[in-house]
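Here are the chains, one letter per residue:
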Amino acid sequence: SSGKLWLFGGGGFDSSGTYNILNDLWKYDPTSNEWTWVSGNNEGNQVGIYGTRGIAAPSNVPGGKYGAVSWFGTSGKLWLFGGASVYMPVNSSDLNDLWNYDPASNEWTWVSGSYEAEPPGSYGTQGIAAPSNVPGGRASAASWIDSSGNLWLFGGYGYYSAGQNGFLNDLWRYDPETNNWTWISGSNAGNQPDIYGTKGISDPSNVPGARNGAISWFDSSGRLWLFGGGSNNFHNDLWRYNR
């Protein structure tokens, strides 16, 4: 809210000049044109330190990640979900861990999901929030945050309900107040085709196909927008979802 930019991790070069998966958190101040290294490690391939779920601690920190998604919450906290993360020092796996970071205290909190590798989605009943619901591990999903502070997540490449991996088209909503996920739309299976219907006409059966790497927006009327991404082919389709 003060106009600073935040950057977390990805695949890149650490302080030794080695290409690794990173977990460093940075803040950039446009007024001073200066960067500040805020959290995480200056060496790559770090394993997450989860602590106790729901409890902030100075030692907590996500592991190195690329393809994670992020939100800036209405309470001023930063949110981070999943991605291909360092699970053991020698490899990486898609995770479904949800974290928040409080700039005021400089502390991370592991909020939801698992620290285990390659967790399948637990979908529950579409449209019904439940403590047991959680998206599967994934990378390169799309994200939005709405005017009520709810976090939205779409697709990516990862694990669906059968515990197998593929391209996803599931739409989820997370409520920070209740700490519950809701499966909203799309399939609980992988590699689903697009159902386009008629261009410009809403229909309950319409749904974007499975994909990762799409880009997204949230407009002033409360609608979610999604463009492109890829699965076996690259897409240039533009979709709008009315909540």
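You'll find the structure just up there.
The paragraphs below set out a description of the structure included in this document. Position numbers for residues count from 1 along each chain, tracking the sequence in the order it is written. It should be noted that, the model being predicted, local features are given only for residues of pLDDT at least 70 and side-chain atom pairs only at 80 or more, the latter also being counted only at that level, while totals for whole chains, interfaces and linings use all residues. Side-chain figures throughout are based on the complete set of non-hydrogen atoms in the structure, without hydrogens or water.

**Digging into the overall build of the protein chain**
Right, on to step 1. What the protein chain contains, in helices and strands, is zero helices and 16 strands.
Right, on to step 2. Computed over C-alpha atoms, the radius of gyration of the protein chain comes to 18 Å, within 12% of the 18 Å expected from 2.2 N^0.38 for 243 residues, which places it in the range of a compact globule.
Right, on to step 3. Seen through its C-alpha atoms, the protein chain measures out along the principal axes to roughly 50 × 40 × 35 Å.
Right, on to step 4. Across the 243 residues in the protein chain, those meeting the buried criterion constitute 45%.
Right, on to step 5. Put simply, of all contacts in the protein chain between residues at least 6 apart along the chain, 47% involve residues at least 24 apart.
Right, on to step 6. Only four residue types enter the charge count: Lys and Arg as positive, Asp and Glu as negative, with His and the chain ends excluded. Charge positions are represented by NZ for Lys, CZ for Arg, CG for Asp and CD for Glu. In the protein chain, which carries 12 positive and 19 negative side-chain charges, the distance between the mean positions of the two groups comes to 8 Å. Here a helix means four or more residues in a row that DSSP labels H or I, a strand means two or more in a row labelled E, and each is numbered from the N terminus. Based on C-alpha atoms, the radius of gyration is set beside the globule rule, defined as 2.2 Å times the residue count to the power 0.38. Burial status follows relative accessibility: with a 1.4 Å probe on protein chains alone, a residue under 20% of its type maximum counts as buried, one over 50% as exposed, and anything between as partly exposed. Two residues form a contact once any of their heavy atoms are found within 4.5 Å.

**Quick notes on the environment of Ile145**
Right, on to step 1. Note on placement: Ile145 falls in strand 10 (residues 142–145).
Right, on to step 2. Leave out the neighbours within four places in its chain, and Ile145 touches Trp71, Phe72, Gly73, Thr74, Asn150, Leu151 and Phe218.

**Comments concerning the pattern of salt bridges**
Oppositely charged side chains are able to pair whenever their charged atoms sit close together.
Right, on to step 1. Basic side-chain nitrogens of Lys or Arg form a salt bridge, by our definition, when they fall within 4 Å of a carboxyl oxygen of Asp or Glu. By the definition in use, this model includes six salt bridges.
Right, on to step 2. Of the charged contacts, one joins Asp237 and Arg211 as a salt bridge, the two residues approaching to 2.7 Å between their closest N and O atoms. With a gap of 26 residues between them, Asp237 in strand 16 (residues 234–242) and Arg211 in the loop between strand 13 (180–185) and strand 14 (215–218) connect regions that are remote in the sequence.
Right, on to step 3. Residue classification places Asp237 among the buried positions, given a relative accessible area of 10%.
Right, on to step 4. On the basis of relative accessible area, Arg211 is assigned to the buried category, the value being 1%.

**A word on the sheet that holds strand 1 (residues 5–13)**
Right, on to step 1. Strand pairing is assigned whenever DSSP detects at least two bridges linking the two strands. What the three strands build is an open sheet, ordered 1-2-3; its pairing is antiparallel. In the strand order of this sheet, the two ends are held by strand 1 and strand 3 (34–39), each with one partner. With direction set aside, neighbouring strand axes in the sheet form an average angle of 40°.
Right, on to step 2. Two strands pair when backbone bridges link them, and strand 2 (residues 19–29) and strand 3 are joined in this way by five bridges, in the antiparallel orientation. Of the residues in strand 3, the one forming a bridge with Tyr28 is Trp35. Note on method: axes are straight lines fitted to C-alpha atoms, helices fitted across the in-contact stretch only, with angles between N-to-C directions ranging 0 to 180 degrees.

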